[in-house]
Amino acid sequence: MQEQLVQPREREEESFDVGAFVFFLLRYWYFILAALALGLAVAYLILRYSIPQYEAMGQILINQDLQQDPLAELTQQGLGAGRMRTRIMDPNENSLRVLQSSAVADMANTEMQLDVRWYGEGRIRGLMETDAREFPFQVEQGDSLVLGRFDVYFQEDGYQISPEDEPGLKTDARFGKPNAYGFIIQGMIEVGNDYHNTKAMVELRSALSATSDLKGAVQVNEISEDGSVYTVSARHVVAAYAQDYVNALMEAFIAHSKEEKQASYQEALRFVQDRLTEIGDSLQKVEQELTRFRVNNKIINTESKGAMLFTRYQEQLEEVIRLENQLKYLEKVEAYLAGIVGADELKSPVITGISNSLLETTLKNIQTLYAEMALKKVDLKFAESSPAALRFRAQLDEYNRALTEVVAQLKQDLQNSIQIADNRRREIELELGFFPALEQQMVNIKRRYEMFQNLYKYLSEKKLDIGIRGATVLSDHKIVEYARGANQVSPNAKKIYALSLSLATSLPILLLFGLFYFDRRIKSADDIQKHSAIPLIGIVPRFKYLRAGEIFNSPKSLMAESFRNLRTNLHYVFKKGVPSRVIVITSTRPGEGKTFCSENLAQILAYGGAKVVVIGADMRRPQLFKDFNLKKDKGLSELLSGQCGLGEVLLDTANANLKVIISGAIPPNPTELLEGESMDALIAELSERFEFILFDTTPLDIVADANALVAKADHVLVVLRQNITTKDAIPMLNAKWQHNQLPKTTLLLLNDFDHKKSYGSKYGYGYGYGYGYGYGYGYGYGAGYGSGYGSGYDSERK
């Protein structure tokens, strides 16, 4: 049986014990509950004192293209393109930039008068911005307007005003009269008692500042798959302002679009009128020339084959003119592109009247990039310091260079087409040379007359059409849904409560997890059993009161029962027939209760009828004499040094079976005394008189005293203490045990065990203490040994 004791069990790998952690959390439920209460309180305070934000939302339809650009129509007809300027049209993506531009925001600002803001007194948060329409006052800007915030103290017949940063500088003013700062507060109605002796604040801002705030408050997002319907949303601390921001901005955008289109029609009308004047003059001259030619040459009928040739000739001439106009148009586009590469404001030109797939793809790429820039609010002016702006600048330059190459290729193609058309014209002109000169001259004059006549007629119709459409111009955009009311979006009560509760739950759990995970102290028998190669012989519970001689005085007490079970368990590991057993009781560090366990183990062994002597072998910090109420007199140190005999140091106790040898005076060489022959002789002499010899010695590895006695022991009992001994002590004991620095009969004892602090250990105790260890260490017996009363080493004698 004894040999089985020395067989090491296979160690379990240390892993995180989820069940123990849950039990640990349950022990501190009040801490988590307090954190939850604190989280709810914080969430309430945030909601109570945060300034609410309101959001309003509307929808707008962009780029319906209800009316085609009149200049684009004229360009497609090939009329006067040589005089046409290169126009920059807003594609769908660029319209978003216009919607979020300062020009549109300025229009909305003018409509809403955002340069004046009122702040009223709140109950808790102090001054809060208020809808200006709730105040029965209107601010009129004077000639010498001073911008800033001003405190206004309303009185029965006027008000006092002072700058916000100089509250003591108050001046009196009257409604409807300029105050000291150059503006007028006009009472729209008679000021009621509600405003008497109250304070408000008025803020006068620059138009630039108001526009900037408006732009910053508004967001535009695409909601339709075809990219034509967008939501326009705005946030503000005043719900009415959020709604007004959205509606005013959308209406300003529609108005801006109409103005742009009206300007386009006005330009088209001016262009058509100029051309009509020129062509009218030319038509009148040709008509006069034709009349004179007929009269002078008496020609009545000019229909002939020559006329047909002249018709063909005129068609080829018009084709050459049309292609040359397109060539000049492309030359202007090319010059425009050459001027914008690397500029801060890049836009793609709209090239009308020319169809080319590569050209269309390149333009689409540029427009897509514009849209991305608009959504990300990238300003190319900061390309030197912004990586995003630098990347967009590089991509736009690359696309514009590609566009330049496409335009250059189109120019080459047009030049070739012009050459072909001009060659055909020359062939017809050569054929016309064979007709009589008079007939040729007549046909030529008539063709020119018909050409100018047709142009004049076409332009007259266009002028009428453009005039009518310009008078009833429609915007390409439409408000689908106006913002109607604003919803509070901040603070979001559900999110704040959810976040507060999650943080209030997770933070204490994380804190407790850290305490649990990094706590290296032994909490339960499981912590020992999972990692120890040395058997655990017993568990001593925590006692509220520790009294000397408790076992002798109260043999049925909880302390007596716990050590009685320890004695019973030791019975199974002692060699049968051995008259005396030397037991060294030590620990891994001070404060683990080895002296307490030595005293009470000695008492329970003596109470069971065995002859026992307990020796205070800790000569550096002697404690044994205190609990037995003995004088600190001669003891082990004097005995081993030959200063006295055994009879002088062998002291009696309340039980005749128990004797005590105290430590004595602290010697200069305790280790040498314990290792010497005197100790061997003492053990031999005591073995003849006592069945058990218990040594209360120093902790292991603190000093060498314990190691000197360990080699002389039959059994070594290492005391570990819950919440004192660290788990790092287990590997140290394993190493000593496996390297024969501790005998194979070494046993572990867990002291001061409180099941409430054991993290859910399956080891418990109760009256009778039948420990169900089930260690499986090779003892040769099953689980659950020790049964309480009557299971002691010897039958107890009362």
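The shown structure was predicted, so the numbers you read here are calculated from the model rather than taken from an experiment.

*Asks:* Hey, could you go over the overall build of the chain for me, with residue numbers and the actual values?
*Replies:* If you tally the helices and strands in the chain, you get 24 helices and 21 strands. Put simply, the chain has 798 residues, and 47% of those count as buried. When contacts within the chain are restricted to residue pairs at least 6 apart in sequence, long-range pairs at least 24 apart make up 79% of them. Carbon together with sulfur atoms contributes 51% to the accessible area of the chain, which is approximately 39,900 Å² in total.

*Asks:* Tell me about the sheet that holds strand β6 (residues 159-163), residues and numbers included.
*Replies:* Within a sheet, each strand pairs with its neighbour through backbone hydrogen bonds, oriented either parallel or antiparallel. If you trace the six strands from one edge of the open sheet to the other, you get β3-β2-β9-β5-β6-β7, paired in antiparallel fashion. Each end of this open sheet is capped by a strand with a single partner; those strands are β3 (127-130) and β7 (171-173). For this sheet, the mean angle separating the axes of adjacent strands, direction not counted, is 35°.

*Asks:* Please give an account of the packing of helix α2 (residues 18-27) against helix α3 (residues 29-49) that cites residues and values.
*Replies:* With their axes 4 Å apart at the nearest point, α2 and α3 run at an angle of 65° to one another. The angle between α2 and α3 falls in the class roughly perpendicular. For the pair α2 and α3, the contacting residues are Leu25, Leu26 and Arg27 in the first and Trp29, Tyr30 and Ile32 in the second.

*Asks:* Could you give an account of helix α7 (residues 207-217), with specific residues and numbers?
*Replies:* Inspection of α7 places Ala210, Thr211, Leu214 and Ala217 among the buried residues, and these make up the whole buried set. Taken around the axis of α7, the buried residues stretch over an arc of 130°, which confines them to a single face. In α7, the exposed positions angled more than 90 degrees off the buried face are occupied by Leu208 and Gly216.

*Asks:* Summarise the packing of helix α16 (residues 558-571) against helix α17 (residues 594-607); cite the residues concerned and give the values.
*Replies:* Helix packing for two helices is described by the angle between their axes and how far apart those axes are. α17 packs onto α16 with a crossing angle of 75° between their chain directions and a minimal axis gap of 9 Å. In this view, α16 runs roughly perpendicular relative to α17, as classed from their interaxial angle. Contacts from Met559, Ala560, Phe563, Arg564, Leu566, Arg567 and Leu570 of α16 reach α17 at Phe596, Cys597, Asn600, Leu601, Ile604, Leu605 and Tyr607. Of the residues in the contact of α16 with α17, the class split is 11 nonpolar, one polar and two charged.

*Asks:* Would you mind going over α3 in detail, with residue names and values included?
*Replies:* The terminal C-alpha atoms of α3, which comprises 21 residues, lie 30 Å apart, in line with the 30 Å expected from a rise of 1.5 Å per residue. Among all positions of α3, only Ile32, Ala35, Gly39 and Ala43 are buried. The buried residues of α3 occupy an angular sector of 75° when the element is viewed end-on, so they sit on one face. On its buried face, α3 is in contact with α2 and α13 (493-517).

*Asks:* Explain unusual backbone geometry residue by residue, including any values.
*Replies:* Leave glycine aside and you will find that most residues have negative phi; peptide bonds, for their part, are mostly trans. Backbone torsion omega between serine 490 and proline 491 reads -5°, so that peptide bond is classified as cis. With respect to the helices and strands, proline 491 occurs in the loop between β13 (487-490) and α13. Here the phi dihedral of asparagine 723 falls at roughly 70°; this positive angle occurs in a residue that is not glycine. Residue placement: asparagine 723 occurs in the loop between β20 (715-721) and α24 (729-738). Within the chain, aspartate 752 stands out as a residue other than glycine whose phi angle is a positive 60°.

*Asks:* Before we move on, could you go through a nonpolar patch on the surface and cite the residues and values that matter?
*Replies:* A surface patch of nonpolar side chains, about 700 Å² in accessible area, is lined by Phe16, Val18, Val22, Leu26, Phe513, Tyr517 and Phe518. Among the secondary structure elements, those contributing two or more residues to the nonpolar patch are α2 and α13. Counting residues per element, the nonpolar patch draws most heavily on α2, at three residues. Note on placement: phenylalanine 513 falls in helix α13. Phenylalanine 513 sits in the partly exposed class, given a relative accessible area of 30%.

*Asks:* Any details on the nonpolar core? Residues and values, ideally.
*Replies:* Core analysis: the largest hydrophobic core is formed by 46 residues, its most contacted members being Leu636, Ile661, Met679, Leu686 and Phe695. Apart from residues no more than four positions distant in its own chain, methionine 679 is found in contact with Leu636, Leu640, Leu673, Leu674, Phe695, Leu709 and Lys712. If you look at the next biggest cluster of nonpolar residues, it comprises 37 residues, including Phe563, Leu605, Leu658 and Leu694.

*Asks:* I'd like a description of the sheet that holds strand β16 (residues 612-616), backed by residues and values.
*Replies:* With mixed pairing, eight strands are arranged side by side in an open sheet as β14-β21-β20-β15-β19-β16-β18-β17. Unpaired on one side and paired on the other, β14 (536-541) and β17 (651-652) mark the two borders of the sheet. Across the sheet, helix α22 (residues 677-687) lies against β15 (581-587), β16, β18 (658-661) and β19 (692-696), angled at about 140° from β19, the strand it touches most.

*Asks:* Please give an account of the pattern of salt bridges that cites residues and values.
*Replies:* One pass over the full model with this rule turns up 19 salt bridges. Between glutamate 203 and arginine 205 there is a salt bridge; the shortest N-O distance is 3.6 Å. The residues glutamate 203 and arginine 205 share a single accessibility class, namely buried. For aspartate 618, the salt bridge goes to lysine 594, with nearest N and O atoms at 3.3 Å. Within this pair, whereas aspartate 618 is found in the loop between β16 and α18 (624-627), its partner lysine 594 is found in helix α17, the two being separated by 24 residues in sequence. Per residue, the accessibility class of aspartate 618 equals that of lysine 594, and both read buried. A network of salt bridges, in which partner residues are shared, links Arg117, Glu129, Arg149, Glu164, Glu203, Arg205 and Asp213.

*Asks:* Account for the environment of leucine 512, naming residues and giving values.
*Replies:* With respect to the helices and strands, the residue leucine 512 is situated in helix α13. Between the C-alpha atoms of leucine 512 and leucine 25, which are 487 residues apart in sequence, the distance is 7.2 Å. With residues near it in sequence (within four places) discarded, leucine 512 still touches Phe21, Phe24, Leu25, Tyr28, Phe31 and Ile32.

*Asks:* Describe the side chain of threonine 745, with residues and values.
*Replies:* Inspection of the secondary structure puts threonine 745 in the loop between α24 and β21 (747-753). For threonine 745, a relative accessible area of 15% translates into the label buried. Among the polar contacts listed, one links the side chain of threonine 745 to the backbone oxygen of aspartate 714, at a separation of 2.6 Å.

*Asks:* Tell me about the packing of aromatic side chains, and please be specific about residues and values.
*Replies:* All told, the structure shown has 13 aromatic pairs when counted by the stated rule. Through successive ring pairs, a cluster of aromatic residues spans Trp118, Phe137, Phe154, Tyr159 and Phe175. Here arginine 48 stacks its cationic end above the ring of tyrosine 49, 5.8 Å away from the centre of that ring. Note that lysine 170 overlies the ring of tyrosine 153, its terminal NZ or CZ placed 3.9 Å from the centroid.

*Asks:* Now, about the side chain of glutamine 722: what can you tell me, with residues and values included?
*Replies:* With respect to the helices, strands and loops of the structure, glutamine 722 is situated in the loop between β20 and α24. Overall, the relative accessible area of 1% leaves glutamine 722 in the buried class. Here the side chain of glutamine 722 touches lysine 523 through a polar contact of 2.6 Å, landing on its backbone oxygen.

*Asks:* Now, about the environment of arginine 448: what can you tell me, with residues and values included?
*Replies:* Checked against the element boundaries, arginine 448 lands in helix α12 (residues 437-471). Residue class for arginine 448 comes out partly exposed when judged on its relative accessible area of 25%. The spacing of arginine 448 and leucine 290 is 158 residues in sequence and 9.6 Å in space, taken between C-alpha atoms. Among all residues touching arginine 448, those that are not within four sequence positions of it are Val286 and Glu289.

*Asks:* Got a sec to walk through the environment of phenylalanine 513? Specific residues and values, please.
*Replies:* For the pair formed by phenylalanine 513 and phenylalanine 24, sequence separation is 489 residues and the distance between their alpha carbons is 9.0 Å. Sequence-distant contacts of phenylalanine 513, that is, excluding residues within four places in its chain, are made with Phe16 and Phe21.

*Asks:* Please give an account of the confidence of the model for the chain that cites residues and values.
*Replies:* Predicted coordinates in regions of low pLDDT should not be interpreted in detail. The predicted model of the chain averages 76 in pLDDT, with 78% of residues at 70 or higher. Counting interchain partners and residues more than four positions distant, the pLDDT-below-50 stretch residues 1-11 has 30 contacts. Ignoring residues within four places in sequence, the model shows residues 762-798, a span with pLDDT below 50, making 95 contacts including any to other chains.

Thresholds applied
- Residue positions are counted from 1 within each chain, in the order its sequence is given.
- Only residues with pLDDT of at least 70 get local features here, since the model is predicted, and only at 80 or more are side-chain atom pairs given and counted; chain-wide, interface and lining totals rely on the full set of residues.
- Values reported for side chains reflect all heavy atoms of the structure, with hydrogen atoms and water molecules removed beforehand.
- Secondary structure is summarised from DSSP: a helix means a run of H or I of at least four residues, a strand means a run of E of at least two, and numbering begins at the N terminus for each.
- Accessibility here uses a 1.4 Å probe with only protein chains present; expressed as a share of the type maximum, an area under 20% marks a residue as buried, one over 50% as exposed, and anything in between as partly exposed.
- What makes two residues a contact is simply this: any of their non-hydrogen atoms within 4.5 Å.
- Calculation of accessible area relied on Shrake-Rupley with a 1.4 Å probe; when residues are assessed, cover is drawn exclusively from the protein chains displayed.
- Note on pairing: two strands pair once DSSP finds at least 2 bridges between them.
- Structural elements are reduced to axes, namely lines fitted to C-alpha atoms, with helices fitted over the stretch in contact, and the angle between N-to-C directions of any two is expressed from 0 to 180 degrees.
- Roughly parallel means an angle under 35 degrees; roughly antiparallel means over 145; roughly perpendicular covers 65 to 115; every other angle is labelled oblique.
- Throughout, the arc means the angular range of directions from the helix axis out to the C-beta atoms.
- Amino acids outside the nonpolar list (Ala, Val, Leu, Ile, Met, Phe, Trp, Tyr, Cys, Pro) and the charged list (Asp, Glu, Lys, Arg) are all regarded as polar, and Gly is one of them.
- To estimate the expected span of a helix, subtract one from its residue number and multiply by 1.5 Å.
- By definition, no residue in a patch forms a salt bridge, and every one has over 30% relative accessible area; like charges are joined within 9 Å, nonpolar side chains (Val, Leu, Ile, Met, Phe, Trp, Tyr) within 5 Å.
- Only one rule defines a salt bridge in this text: a Lys or Arg side-chain nitrogen within 4 Å of an Asp or Glu carboxyl oxygen.
- What is meant by a nonpolar core is a set of buried Ala, Val, Leu, Ile, Met, Phe, Trp, Tyr and Cys residues, joined one to another through side-chain atoms within 4.5 Å.
- Polar contact criterion, stated in full: a pair of N or O atoms within 3.5 Å, where within protein one must be able to donate a hydrogen and the other to accept it, and residues adjacent in sequence count only if both atoms are side-chain atoms.
- What counts as a ring pair is set by centres within 6.5 Å for rings of Phe, Tyr and Trp (its six-membered ring), and what kind of pair is set by the plane angle: stacked under 30 degrees, edge-to-face over 60, tilted for all other angles.
- By definition, being over a ring means that NZ of Lys or CZ of Arg is both within 6 Å of the ring centre and within 35 degrees of the ring normal.
- Per residue, pLDDT captures the predictor's confidence, and it can take any value from 0 to 100.

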